[in-house]
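So the chains spell out like this:
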Amino acid sequence: MGSLHPSTGVWKRGDPTMPAPRLSVVVTRRLPEVVETRMKELFDVELRAEDTPMTREELVAAMARADVLVPTLTDHIDANMLAQAGDRLRLIANYGAGVDHIDVASARQRGVLVSNTPGVVTEDTADMVMGLILGVTRRIPEGLAAMQSGSWTGWSPTAFLGGRIGGKRLGILGMGRIGQAVARRARAFGMQIHYHNRRRLRPETEAEFEATYWESIDQMVARMDVISVNCPHTPSTFHLLNARRLKMLKPTAVIVNTSRGEVIDENALVRGLKAGEIAGAGLDVFERGAELNPELRTLPNVVLLPHMGSATVEGRAEMGEKVIINIKTFADGHRPPDLVVPAMV
C-alpha cells in the first residue's frame, strides 16, 4: 500500500503504476452530514452510529484497524493507547484546532502524524466571546429567566441594572487569531484593548487595535474590567488564572472563557464569585469537561454555555473540509497542510 518516509514524515505510495487503494478512515463521533457524505465518497470510512464518545478500549481498537483516525476533543489519546494501537495507524486527523487531548510527541515517535483544523472557527468563537461579555454585563439570562417564568410585572428604573461596556478595559489572554478577532469586535463596542501574549504583536498590529501590551499577567489582570481567555491549554497555561491571580481582579471585573477550562482554577473562580470578589463570569468551557462544579449552576452572576463557541453550521462544515484536505493530501504522498509538530503544542 505504501509507507511513511522516516525523515520527511510523508506517506509514500507503493507501485506508482497501480491505483492507490482507499485509505481506511475511522471517525470517532457523528459529524455534519455533508462531511460524512464526502468522506464516504473519498475514503473507506467507518462512521460512528451514536453521537457519543468512544471508550478508551474502543479508541485503541479503532486505531488498530485504521490508517487514519479522525478524533474530536472528547477523545483523549495518550502514549499508552498509541503503544497498543499497532503499526497500521499513520495519521490522526483531528476534527478541531486544539490538540491538547492528543499526545502529539508520542504519536510522532511512533511514526504517526497529527493534523488539526486551525483558523476555521476564529470568527464564530470571537462572536461568542462578545455574546458572553454582553450576557454577563447586561444580565441578559436573568432577564430571559424572568420573562420565561412569568415573574416580570413591568418596567422599573432599578431593575436588571447591568454595566456599560463602552470605555471599559478588555484584557485578552492569548492574542492569536481568536484573540485578535475579539479585539476587532470589542473596539467596535468602544472597549479599550489590552493583552498578554507569549510574544508581543508587531507594532502595526498593535496600532490597528490601539492595543496595550502587558508583559506581566499580574499587572494586567489587576487593572481590567473584563478578562477574555483565548489561549490554548498547555502545561504552561494550566491554571494560568490561579487562585492568587483571581484574587487580584477588581470586584467589578468579569471573566469570559471560550478557550479551555483548564486555564482557570475553577474552584477558586467559584469561591471568588460567591464572595463577591469577582462580578461575573461567562463560561463556554470547563476544567473537567462536562463535569461542572455544581455550584456554578446556582450562581446568578454566571452565564454557562455547553461548549458552543464554534457551533455554527458553516464552521463545523469547514472543519470537516479541512480534515478531508489533510487526509487527501496525506494519501497523495504529501505533508498535510495543517500538520501539528510537538514544538507547536
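Parameters and conventions
- Residues numbered from 1 in each chain as written.
- Predicted model: local features only at pLDDT ≥ 70, side-chain atom pairs only at ≥ 80, totals over all residues.
- Heavy atoms only, no water.
- UniProt positions renumbered as here; feature names shortened; annotations may be inferred.
- Pairing = 2+ DSSP bridges.
- Helix = DSSP H or I, 4+ residues; strand = E, 2+ residues; numbered from the N terminus.
- Contact = heavy atoms within 4.5 Å.
- Axes fitted to C-alpha atoms, helices over the stretch in contact; angles between N-to-C directions.
- Domains from an automatic or database assignment.
- Buried area = accessible area lost by both parts, 1.4 Å probe.
- Salt bridge = Lys/Arg side-chain N within 4 Å of Asp/Glu carboxyl O.
- Nonpolar A, V, L, I, M, F, W, Y, C, P; charged D, E, K, R; others polar.
- 1 Å grid on protein atoms, 1.4 Å probe; cavity = no way out; pocket = protein on both sides within 12 Å on 5 of 7 lines; lining within 4 Å.
- Points joined across faces, edges and corners; volume = space filled by probe spheres on them.

The name that an unreviewed UniProt entry assigns to the protein chain is D-glycerate dehydrogenase, with the source organism given as Rhodobacter xanthinilyticus. In the Sequence similarities (unreviewed entry) part of its UniProt record, the protein chain is described as follows: "Belongs to the D-isomer specific 2-hydroxyacid dehydrogenase family."

Let us look at the sheet that holds strand β9 (residues 192–196). Across the sheet, which stays open at both edges, the seven strands sit in the order β10-β9-β8-β11-β12-β13-β14 with parallel pairing between neighbours. A single partner strand is all that each edge strand has here, and the edge strands are β10 (212–213) and β14 (302–304). The pairing of strand β8 (residues 169–173) with β9 spans five bridges and is parallel. For I172, the partnering residue across the bridge sits in β9 and is Y195. Contacts from helix α11 (residues 266–274) reach β12 (254–257), β13 (280–283) and β14, with the element oriented near 140° to β13.

Another aspect to go through is the domain arrangement of the protein chain. Split into domains, the protein chain comes out as domain 1 (24–120 + 313–344) and domain 2 (121–148 + 163–304). When each unit is reduced to the centre of its C-alpha atoms, the spacing between domain 1 and domain 2 is 30 Å. Taken residue by residue, the interface counts eight residues in domain 1 and six residues in domain 2. Both sides together, the interface formed by domain 1 and domain 2 hides about 600 Å², and carbon and sulfur atoms give 43% of it. Where domain 1 touches domain 2, the interface holds one salt bridge. The salt bridge partner of R260 is D100, with a shortest N-O separation of 3.2 Å. Tallied by class, residues from the side of domain 1 that touches domain 2 come to four nonpolar, three polar and one charged.

On to the layout of surface pockets, then. Reported here for the second largest pocket is a volume of approximately 440 Å³. What lines the second largest pocket is a set of 26 residues, among which V136, T137, R139, V254 and A279 lie closest to the centre. Looking at the lining of the second largest pocket, the elements with two or more residues in it are α5 (122–137), α6 (140–149) and β14. Counted by class, the lining of the second largest pocket contains 13 nonpolar, seven polar and six charged residues.

Tallied over the full model, the rule gives one cavity of 30 Å³ or more. Of the volumes computed, that of the largest cavity is approximately 40 Å³. Around the largest cavity sit N257, G261, I264, E266, L269, L283, V285 and E287, which together line it. Within the lining of the largest cavity, the residues separate by chemical class into four nonpolar, two polar and two charged.

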